[in-house]
Amino acid sequence: MQSWLNQPLTWGNVLVLFLWAVVFLFIVLGFVTYAIYFERKVIGWMQLRIGPNRVGPFGLLQTVADIFKLLIKEDTIPRKADRVLFILAPALAYIPAFSVLAVLPYTQNLYFADLNVGLLYYVALSGISTLAIVLGGWASNNKYALLGGMRSAAQMISYEVPLVISVVGVILLSGSLNLRDIVAAQDGGWFWNWNFLPQIIGFVIFIIAAVSELNRTPFDLPEAESELVAGYHVEYSGFRFAFFMLSEYVYVYAIAALTTVLFLGGWHAPAPFLDFVPGIIWFLLKFAFVVFFLFWIRATMPRIRVDQLMGLGWKVLLPVSLLNVFLTAVYLELFIKN
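First, a word on scope: everything that follows refers to the structure included in this document. Please read all numbers here as calculations on a predicted model, not as lab measurements.

Reading guide: rules and limits
- Residues numbered from 1 in each chain as written.
- Predicted model: local features only at pLDDT ≥ 70, side-chain atom pairs only at ≥ 80, totals over all residues.
- Heavy atoms only, no water.
- Helix = DSSP H or I, 4+ residues; strand = E, 2+ residues; numbered from the N terminus.
- Expected span 1.5 Å × (residues − 1).
- Buried < 20%, exposed > 50% of the residue type's maximum accessible area, 1.4 Å probe, protein only.
- Contact = heavy atoms within 4.5 Å.
- Salt bridge = Lys/Arg side-chain N within 4 Å of Asp/Glu carboxyl O.

As a further point, take helix H13 (residues 279-300). With 22 residues, H13 should reach 32 Å at 1.5 Å per residue; the first-to-last C-alpha distance of 32 Å fits that figure. Buried residues of H13: Trp282, Phe283, Lys286, Phe287, Val290, Val291, Leu294, Phe295, Ile297 and Ala299, and no others. Taken together, the buried residues of H13 touch helix H2 (11-46), helix H10 (200-213) and helix H12 (238-263).

Below is the structure:
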């Protein structure tokens, strides 16, 4: 893939890149479809239920049927809603979610865009989805949707700060914002050279803040069905509602891949004698483990109160993430530079 990125910008190359983007879009849509199925199965097994098992063999077509149902449902727009913003919000939620995937490297030679500031690009673009949620809540002209949008803005701003600061230690250790360089810096042969051990504090903060950024249990306060009747997307139906759900699971894909790149060694094997296994296999195994962990959290933890959510972000994660940056800088000054 990267060979096409180094070619002159001609119509032929633009067409090839466009086709690659379309292929990748279908891969991501396939992931979303069966990630939803897998999540429902995992939660069912953990709660001693069967999960989907009717549509298709072993229920494999259940999510396909659900998506088809959403696509053919009537698209309703409330009479007093801001029509333009109401229509724009779902697209604004999905476009950044798909765009951030462009900078994620899967192996040394398999990637789409090799940006020197790839991590900065990811963080900057992913924050736009917060605007989409606020817009959707406000444009609906519904008090519950507006409350959900306001909660989402407060939550995402609160947790975006420790999320970004938690990866500063990784940047200091690798000396780069380029995601391929960050993976290369973890190539020490054994798994204890991966960043999740030397940056264990930053790793824990990153995982907690990432779950909050995804609006997933136990931090799904913007949706809170029990008190906000689904929150910011309560007035959405049909394919517009599907766009909001699609963006959530695309971000699951993105966060799992980013966690693999930043903390789990990317495509590197956990031991030198396992180097014969292709790097893409190691990447996919680590990626699948992170996705499973996100589903596991949802199956086991209850939703926390909103005051506990905000207190955790500002009183615990922010100061601890700043402490992690300080400790990393001291370590580099005392043990690496000298």
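More follows now that the structure is in view.
For the rest of this paragraph, the subject is the pattern of salt bridges. As enumerated under the stated definition, the model contains 8 salt bridges in all. Across the pair Asp75 and Arg240 runs a salt bridge whose closest N-O atoms are separated by 2.9 Å. In this pair, Asp75 is assigned in the loop between helix H3 (62-72) and helix H4 (83-99) and Arg240 in helix H12, connecting sequence segments 165 residues apart. The class for Asp75 is partly exposed, based on a relative accessible area of 28%. Looking at Arg240, the relative accessible area reads 11%, which means it is buried. For Arg180, the salt bridge goes to Asp114, with nearest N and O atoms at 3.0 Å. Linking Arg180 in helix H9 (residues 179-184) with Asp114 in the loop between H4 and helix H5 (118-126), this pair joins segments that are 66 residues apart in sequence. Accessibility expressed as a relative area gives 34% for Asp114, which makes it partly exposed. Each of the salt bridges in this network shares a partner with another, and the network as a whole consists of Glu39, Arg216, Glu248 and Arg298.

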